[in-house]
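Architecture and fold: a report
Here is how the chains run, residue by residue.
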Amino acid sequence: MFTTRFAPSPTGPLHLGHAYSAMLAHDMAQAAGGAFLLRIEDIDRSRARPAWEAQIYDDLHWLGLTWPLPVLRQSDRHAAYDAALDDLWARGLLYPCTCTRQDIAAATSAPQEGAPLLGPDGLVYPGTCRDASRSGARPADVALRLDMRKAINGIGNLWFDEAALPAHRGRVRISAGDLVSKVGDVVLARRDMGTSYHLSVVLDDAAQGVSDVVRGADLFEATQIHIVLQRLLGLPTPAYHHHRLIRDAAGKRLAKRDDARAIATFRAEGASPAQIRAMVGL
Ligand code: GLU
Ligand code: ZN
């Protein structure tokens, strides 16, 4: 069955871009006679707030969206994240990393390195800690990185089907060379979270039976990481619909801090759900 989801983080107000993503996914599920699920991505405990979560439910209901209960909350899913990390650790695919942001910036800006390369998660990790010990029990309270070279060794062809983004529509083949040089050893467990966006989203999409991921084009480059993780963990790969981003009048991407574009602000000003739909071109 066509199953999709909207997966906001309760770290700020929903803005027009979120509304577009949620309504598009909801419309697609309805058209397909499928399911639209909601997932609260609240692993970042330092930024997630119950009030933002309550506002998400309220705004989405106001927009006319419905979803089955209970809603999956990532903060309830740490047992699943830990089990996957234990598995990857036991296979020698993870290593502890103690680098700070500054360490990574300094290592990648050394003159012999050329221009620092930006990957889906920021600077491509220079591999400083790759030789750290991988034996014994999985360490806690430290970041764990995926050894990308080792992860993709013998993994076979990697690809996914992109259903929306015009420049990439069709089968997207993932290059092993790019995974090593342009993505690199991404963090799968952050020290402060015990997991990461990438690991959680892959495990949760599988746990929720998501057949079609509808999300913004800003996550297109991250998808290759998700495909690697699905393959490593024996999980199915959904189809992906990376949709256009809603921009403000100046053509700038909307961010959560742009409260002027918050759904709550439009509501307070008397806008109707139909007007919100029109604003985002639905
Ligand atoms: N929680 C992510 C966000 O709010 C979305 C994750 C996804 O759709 O894969 O940007
Ligand atoms: Zn490190």
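So, here is what we can say about the structure in this document.

The rules we used
- The residue numbering used here restarts from 1 in each chain and proceeds along that chain's sequence as written.
- Each chain gets a letter, beginning with A, and each ligand a number, beginning with 1, in the order they are written.
- Local features in a predicted model are, by the rule used here, given only for residues with pLDDT of at least 70; side-chain atom pairs are given and counted only at 80 or more, and totals for whole chains, interfaces and linings are based on all residues.
- Excluding hydrogens and water, the side-chain figures rest on all heavy atoms present in the structure.
- Proximity is defined per residue: any heavy atom of the residue falling within 4 Å of a molecule or strand makes that residue near it.
- N or O atoms closer than or at 3.5 Å make up a polar contact, with two conditions inside protein: a donor-capable atom paired with an acceptor-capable one, and, for residues adjacent in sequence, both atoms drawn from side chains.
- Surface exposure here means Shrake-Rupley accessible area, sampled with a 1.4 Å probe, where a residue is shielded only by the protein chains that are shown.
- To obtain an axis, a line is fitted to C-alpha atoms, over the contacting stretch when the element is a helix, and the angle between two such axes runs from 0 to 180 degrees between their N-to-C directions.
- Under the DSSP-based scheme used, a helix requires at least four consecutive residues in state H or I and a strand at least two consecutive residues in state E, with every element numbered from the N terminus.
- Reported orientations rely on four angle classes, namely roughly parallel under 35 degrees, roughly antiparallel over 145, roughly perpendicular from 65 to 115, and oblique for the rest.
- By definition in these notes, contact holds between two residues if any of their heavy atoms fall within 4.5 Å.
- Throughout, the ten residues Ala, Val, Leu, Ile, Met, Phe, Trp, Tyr, Cys and Pro are labelled nonpolar, Asp, Glu, Lys and Arg are labelled charged, and all others, Gly among them, are labelled polar.
- Any N, O or S atom lying within 2.8 Å of the metal counts as a donor, and for Na, K and Ca the limit rises to 3.2 Å; water is left out, so some sites can look incomplete.
- A site with four donors is called tetrahedral when every donor-metal-donor angle falls between 85 and 135 degrees; four donors are called square planar, and six octahedral, when opposite donors sit more than 155 degrees apart and all other angles fall between 65 and 115; any other arrangement is irregular.
- A 1.4 Å probe rolled over the protein chains alone gives each residue an accessible area, and that area as a share of the maximum for its type sets the label: buried under 20%, exposed over 50%, partly exposed in between.
- Strand pairing is assigned whenever DSSP detects at least two bridges linking the two strands.
- Here a crossover is taken to be right-handed if, once the strands point away from the viewer, the path from the first strand over the helix to the second is traced clockwise.
- For Phe, Tyr and Trp, where Trp contributes only its six-membered ring, two rings pair if their centres lie within 6.5 Å, and the inter-plane angle classes them as stacked under 30 degrees, edge-to-face over 60, or tilted in between.
- In this analysis the charged atom, NZ for Lys or CZ for Arg, is taken to sit over a ring once it is within 6 Å of the ring centre and within 35 degrees of the ring normal.
- Any Lys or Arg side-chain nitrogen located within 4 Å of an Asp or Glu carboxyl oxygen qualifies as a salt bridge.

This part is about the site of ligand 1. Taken together, Arg5, Ala7, Pro8, Ser9, Glu41, Tyr197, Val201, Arg215 and Leu219 are the residues near ligand 1. Take Arg5: an N or O atom from its side chain is 2.7 Å from an oxygen atom of ligand 1. Here a nitrogen atom of ligand 1 and a side-chain polar atom of Glu41 are 2.5 Å apart. Burial of ligand 1 by the protein amounts to 79% of the accessible area it has alone, namely 300 Å².

The angle between the axes and the distance between the axes are what describe a pair of packed helices. Running from N to C, helix 3 (residues 78–90) and helix 7 (residues 197–207) point in directions that differ by 110°, and their axes come no closer than 10 Å. Considering their axes alone, helix 3 and helix 7 lie roughly perpendicular with respect to each other. Residues Ala80, Tyr81, Ala84 and Leu85 of helix 3 form the contact with helix 7, whose participating residues are Leu199, Ser200, Leu203 and Asp204. Across the contact of helix 3 with helix 7, the residue classes tally to six nonpolar, one polar and one charged.

So, about the coordination of the zinc ion (ligand 2). The coordination sphere of the zinc ion (ligand 2) contains the protein donors Cys97 (SG), Cys99 (SG), Tyr125 (OH) and Cys129 (SG), at a distance range of 2.0 to 2.3 Å. Every donor counted, the four donor atoms about the zinc ion (ligand 2) form angles of 98 to 123° at the centre, which fits tetrahedral coordination. Positions of the donor residues of the zinc ion (ligand 2) along the chain correspond to the pattern C-x1-C-x25-Y-x3-C. Here Cys99 is found in the loop between strand 4 (94–97) and helix 4 (101–108), whereas its partner Cys129 is found in the loop between strand 6 (122–123) and strand 7 (143–146), with 30 residues between them in sequence. With respect to burial, Cys99 and Cys129 carry one shared label: buried.

Moving on to the pairing of strand 2 (residues 35–40). Buried residues dominate strand 2, accounting for six of its six residues. By the alternation rule, side chains of strand 2 split into Ala35, Leu37 and Arg39 and Phe36, Leu38 and Ile40, which are all buried. Alignment of strand 1 (residues 3–6) against strand 2, held across four bridges, turns out to be parallel. Looking across to strand 2, one finds that Thr4 is bridged to Phe36. The parallel pair strand 1 and strand 2, bridged by helix 1 (residues 16–32), forms a crossover whose chirality is right-handed. As judged from the two bridges shared by strand 2 and strand 3 (residues 72–73), these two strands associate in the parallel manner.

Time to look at the pairing of strand 7. Both faces of strand 7 are covered, namely the face carrying Ala143 and Arg145 and the face carrying Leu144 and Leu146. Pairing of strand 7 with strand 10 (residues 187–189) involves two bridges; the strand directions are antiparallel. Note on strand 10: the bridge partner recorded for Leu144 is Ala189.

The next thing to look at is the side chain of Gln230. Residue placement: Gln230 occurs in helix 8 (residues 220–233). Judged by relative accessible area, which is 3%, Gln230 ranks as buried. Every residue in contact with Gln230, bar those within four places of it in the chain, is listed here: Val202, Leu235, Pro236, Thr237, Pro238 and Tyr240.

Once that is clear, we can look at the packing of aromatic side chains. Throughout the structure, instances matching the rule amount to four aromatic pairs. Residues Phe160 and Tyr240 carry aromatic rings whose centres are separated by 5.4 Å and whose planes lie at 75° to one another, so their mutual orientation is edge-to-face. On the criterion of sequence distance, the pair formed by Phe160 in strand 8 (residues 158–162) and Tyr240 in strand 12 (residues 239–243) is long-range, its members being 80 residues apart. A relative accessible area of 2% means that Phe160 is categorised as buried. One Lys or Arg, Arg171, reaches over the ring of Trp159 and ends 3.6 Å from the middle of that ring. In this structure, Arg244 packs its charged tip against the face of Tyr20, placed 4.4 Å from the ring centre.

Once that is clear, we can look at the pattern of salt bridges. Per the stated rule, a full pass over the model turns up 21 salt bridges. Of the charged contacts in the structure, one is a salt bridge between Arg138 and Asp86, with a shortest N-O distance of 2.7 Å. Taken together, the residues span a long stretch of sequence, with Arg138 in the loop between strand 6 and strand 7 and Asp86 in helix 3 at a distance of 52 residues. In this structure, the salt-bridge partner of Arg171 is Asp161, at a minimum N-O distance of 3.0 Å.

Quick look at unusual backbone geometry now. For the peptide bond that leads from Leu69 to Pro70, omega is 0°, which places it in the cis range. Relative to the helices and strands, Pro70 is located in the loop between helix 2 (50–62) and strand 3. The phi dihedral of Asp141 falls on the positive side, at around 55°, and the residue is not glycine. Looking at the secondary structure, you find Asp141 in the loop between strand 6 and strand 7.

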